[in-house]
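One-letter residues, chain by chain:
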Amino acid sequence: MVSLPHPSLLHGAVSAPCLCCRKGKDQFDNLEKHTQWGIDVLEKYIKFVKERTEIELSYAKQLRNLSKKYQPKKNSKEEEEYRYTSTRAFLATLNEMNDYAGQHEVISENMTSLITAELTRYVQELKQERKSHFHDGRKAQQHIETCWKQLEASKRRFERDCKEADRAQQYFEKMDADINVTKADVEKARQQAQLRHQMAEDSKAEYSSTLQKFNSEQHEHYYTHIPNIFQKIQEMEERRIVRIGESMKTFAEVDRQVIPIIGKCLDEITKAAESVDHKNDSQMVIEAFKSGFEPPGDVDFEDFTQPMKRTVSESSLSNSRGDGKSEPKFGSKSKGKLWPFIKKNKSPKQQKEPLSHRFNEFMTSKPKIHCFRSLKRGGAGPEDFSNLPPEQRRKKLQQKVDELNRDIQKEMDSRDALTKMKDVYIKNPQMGDAASVDHRLAELGQNIEKLRLEVQKFEGWLAEVEGRLPARSEQHRRQSGVYEAQNPSGVNSCAQDRESPDGSYTEEQSQETEMKVPATDFDDEFDDEEPLPTIGTCKALYTFEGQNEGTISVAEGEMLYVIEEDKGDGWTRIRRNEDEEGYVPTSYVEVYLDKNAKGAMTYI
């Protein structure tokens, strides 16, 4: 008889590994979910840094646009305004903000290269490594499950063979006990029982071998393969955690690296703000708008108890009154030159007004007097800057003279260089033709001569302005403070030296006597005079109240005839109709001269 262990005992001995396999598989599933979550966190952080870099770029771009928007435009009026300390400080602030924006661009670039790009590459590597580890784990799990299935099959076969052997043994014993059964049947049953017992023994040996192999594989699986895989997954996860921590540290370091430069930008802004000098700016405003005009002098006392005396025209044959008596003077020793008397415009409001009216007109009138004889073509300002106040005109003329002198020096340096080159060519003909520079030398000589003529012209205007500017040490200041007129050389000097009807031009005359002339003779002289021909038209730009002798009132936009152009004194003679004519400030009208008219000048 063959003794076999009960199959239930074998079944109980190998039932535990199946549960372990299921638990191991569950652990792999948990680890797979956790590592995927870790990769998702890393990708979320990459997205966060990427959006931060976009914000930095957008902020830097907006800062640069803001700085560019408020930068002064070249060759514009705004550029001149940046000579004050406050505006220069603002310009420095704009420049520093541009550098400030550059640092935010550096932050964006460094975060992109050091964090976003590196982590993106690392995530791809991490995914590949994770895939490899879990592939090895699943492969080991499948192998142990296959071994377990083989063990189960061997066990079931051993159990079946044992049952078959047990049934064959019972059948043999039954046949052997039955006296009615032949010996051949009994022998056959005995052989069948032995065969079944042999099969059971073979199954037992196979099952034992399979079991030993499974136990060895299971031990290798749970004590070697799976721990190694888990260890690799753990190291991978720890590296991910360390890497995200280092990236966060880099995130802070990138900002910290630009803090010193941003601090320098802020320090420069503070330094620019501290450089603002209100006194200097105020002085620059004074220098920029200082006109050079003298304040009006003392108002003369007018004695209304004495009869009014007529004013004699400077263009008359005599410059004195008929009775030979001087007009009484009060308050001031200086006396202005008289304006030519015009009979055809002798309205009551154009008689000589009190000096208070003259003072009011001086205070409200425009100081700029345009001289059309020096206007450039194309509507630009006068070449001699006569539209500016004296002090400003002097500065502009001085700048022009300095600029021309620099140009002359450049031309002379070029000429000297060419002269030396010519000498070299003469001494060494193989180096070049000396005659090739003659044409250029001639051009430079002509340019220098033209520039010198220009310098002389502007220096003449500058000398004229400096001669007209009143000195600070004068005891008697002129009433208008516009320009200093020159003393008349004779009775016919009124065309060159006029006093404006409103007192804008005055002159001290220490030895001038006033003579009365009978009114009838004076009027007859002008009655016999032929009217002046029309030489053009003009349009009144402003309303002018001609309240003084010799002037005429005009309304803004009114069209009139020009009968005498500006002689350089700032006044133009116009005519409204046959009975009304007089003088108006040239700056108050826009003149259109008839080129075909007799005596018309060519204006440049």
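Structure shown above.
About the criteria used
Residues numbered from 1 in each chain as written. Predicted model: local features only at pLDDT ≥ 70, side-chain atom pairs only at ≥ 80, totals over all residues. Heavy atoms only, no water. Helix = DSSP H or I, 4+ residues; strand = E, 2+ residues; numbered from the N terminus. Buried < 20%, exposed > 50% of the residue type's maximum accessible area, 1.4 Å probe, protein only. Contact = heavy atoms within 4.5 Å. Areas by Shrake-Rupley, 256 points an atom, 1.4 Å probe, with all protein chains shown as cover. Phe/Tyr/Trp six-rings, centres within 6.5 Å; stacked < 30°, edge-to-face > 60°. Pairing = 2+ DSSP bridges. Axes fitted to C-alpha atoms, helices over the stretch in contact; angles between N-to-C directions. Salt bridge = Lys/Arg side-chain N within 4 Å of Asp/Glu carboxyl O. Expected span 1.5 Å × (residues − 1). Core = buried A, V, L, I, M, F, W, Y, C linked by side-chain atoms within 4.5 Å. Parallel < 35°, antiparallel > 145°, perpendicular 65-115°, else oblique. Nonpolar A, V, L, I, M, F, W, Y, C, P; charged D, E, K, R; others polar. Bend = angle between axes of the 7 residues up to and from the residue.

Would you explain the overall build of the protein chain in this entry?
Looking only at helices and strands, the protein chain features 10 helices and 5 strands. Looking at the protein chain as a whole, 36% of its 604 residues are labelled buried. Taking all contacts inside the protein chain whose residues are at least 6 apart in sequence as the whole, residues at least 24 apart take part in 76%. Total accessible area on the protein chain stands at roughly 36,500 Å², and carbon and sulfur atoms take up 52% of it.

Any chance you could explain the packing of aromatic side chains here in plain terms?
Two aromatic rings, taken as a pair, are described by how far apart their centres are and by the angle between their planes. A full pass over the atoms with the stated rule returns 11 aromatic pairs. Arranged with centres 5.6 Å apart and planes meeting at 70°, the rings of F544 and Y588 form a pair that is edge-to-face. Of this pair, F544 sits in the loop between β1 (536–540) and β2 (559–564) while Y588 sits in the loop between β4 (581–585) and β5 (589–593); the two residues are 44 residues apart in sequence, bridging distant segments of the chain. Pair check on accessibility: F544 and Y588 agree, each one buried. Members of the aromatic cluster, each reached through a chain of ring pairs, are Y542, F544, W571 and Y588.

Where do I start with the sheet that holds β4 in this structure?
Strand pairing in a sheet relies on backbone hydrogen bonds. The paired strands run either parallel or antiparallel. Spatially, 5 strands are ordered β4-β3-β2-β1-β5 in an open sheet, and the strand pairing comes out antiparallel. Every interior strand has two partners, whereas the edge strands, β4 and β5, have only one. On average, each strand axis in the sheet is tilted by 40° relative to the strand beside it, whichever way the strands run.

Hey, could you run me through the pattern of salt bridges in this one?
Pairing is possible between side chains that carry opposite charge, provided their charged atoms lie close to one another. Applying the stated criterion across every chain yields a total of 26 salt bridges. Residue E56 pairs with R52 through a salt bridge whose shortest N-O separation is 2.8 Å. Of this pair, E56 and R52 both sit in helix α2 (residues 16–69), separated by 4 residues, roughly a single helical turn. Across the pair R157 and E206 runs a salt bridge, and its minimum N-O distance is 2.3 Å. Placement of R157 in helix α4 (residues 85–177) and of E206 in helix α5 (residues 183–274) is noted, with a sequence separation of 49 residues between them. For R157, a relative accessible area of 28% puts it in the partly exposed group. What makes E206 partly exposed here is its relative accessible area of 36%. Through salt bridges with shared partners, a single ionic network connects E564, R573, R575 and E581.

Where do I start with the side chain of T53 in this structure?
Here T53 is to be found in helix α2. In this structure T53 comes out as buried when scored by relative accessible area, which is 6%. Excluding its chain neighbours within four sequence positions, the residues that come into contact with T53 are S108, M111 and T112.

Would you explain helix α8 (residues 390–427) in this entry?
Counted at 1.5 Å a residue, the expected span for α8 with its 38 residues is 56 Å, and the 55 Å between its end C-alpha atoms agrees. Taken together, the buried positions of α8 are occupied by P390, E391, Q392, R393, K395, L397, V401, L404, I408, E411, L418 and Y425.

Whenever I open this one, the pairing of strand β3 (residues 571–575) confuses me. Can you help?
For a regular strand, side-chain orientation follows a simple rule: the groups alternate between the two sheet faces. β3 sits mainly inside the fold: 5 of its 5 residues count as buried. Of the two faces of β3, the one lined by W571, R573 and R575 and the one lined by T572 and I574 are each fully buried. Pairing between β2 and β3: 3 bridges, direction antiparallel. Residue V562 lies in a different strand from β3, and its bridge partner there is I574. Hairpin geometry of β2 and β3 is characterised by an intervening segment of 6 residues between the two adjacent antiparallel strands and by a positive phi of about 105° at G568. Where β3 and β4 come together, 5 bridges link them in antiparallel fashion. For R575, the partnering residue across the bridge sits in β4 and is E581. Between the antiparallel neighbours β3 and β4 lie 5 residues.

Mind showing me how you'd approach the nonpolar core here?
A general tendency of soluble globular proteins is for nonpolar side chains to be buried together. By size, the foremost hydrophobic cluster in this structure holds 28 residues, and its most contacted members are L42, Y45, M111 and I115. For this core, the secondary-structure elements that each account for two or more residues are α2, α4 and α5. Ranked by the residues each element gives to this core, the list is headed by α4, at 11 residues. Those residues in contact with I115, other than ones at most four positions away along the chain, are Y45, V49, N110, T120, S247, T250 and F251.

What exactly am I supposed to notice about the packing of α4 against α5 here?
The packing of two helices is summarised by the inter-axis angle and the distance between the axes. At their nearest, the axes of α4 and α5 sit 6 Å apart, and the two run at 170° to each other. The pairing of α4 with α5 is recorded here as roughly antiparallel in orientation. A class-by-class count of the residues in the contact of α4 with α5 yields 46 nonpolar, 20 polar and 23 charged.

Teacher, can you tell me more about α5 here?
At 3.6 residues per turn, the α-helix brings residues three or four places apart onto the same side. In this model α5 runs 132 Å from its N-terminal to its C-terminal C-alpha over 92 residues, within 8% of the 136 Å that 1.5 Å per residue would give. The principal kink in α5, of about 40°, is found at H221.

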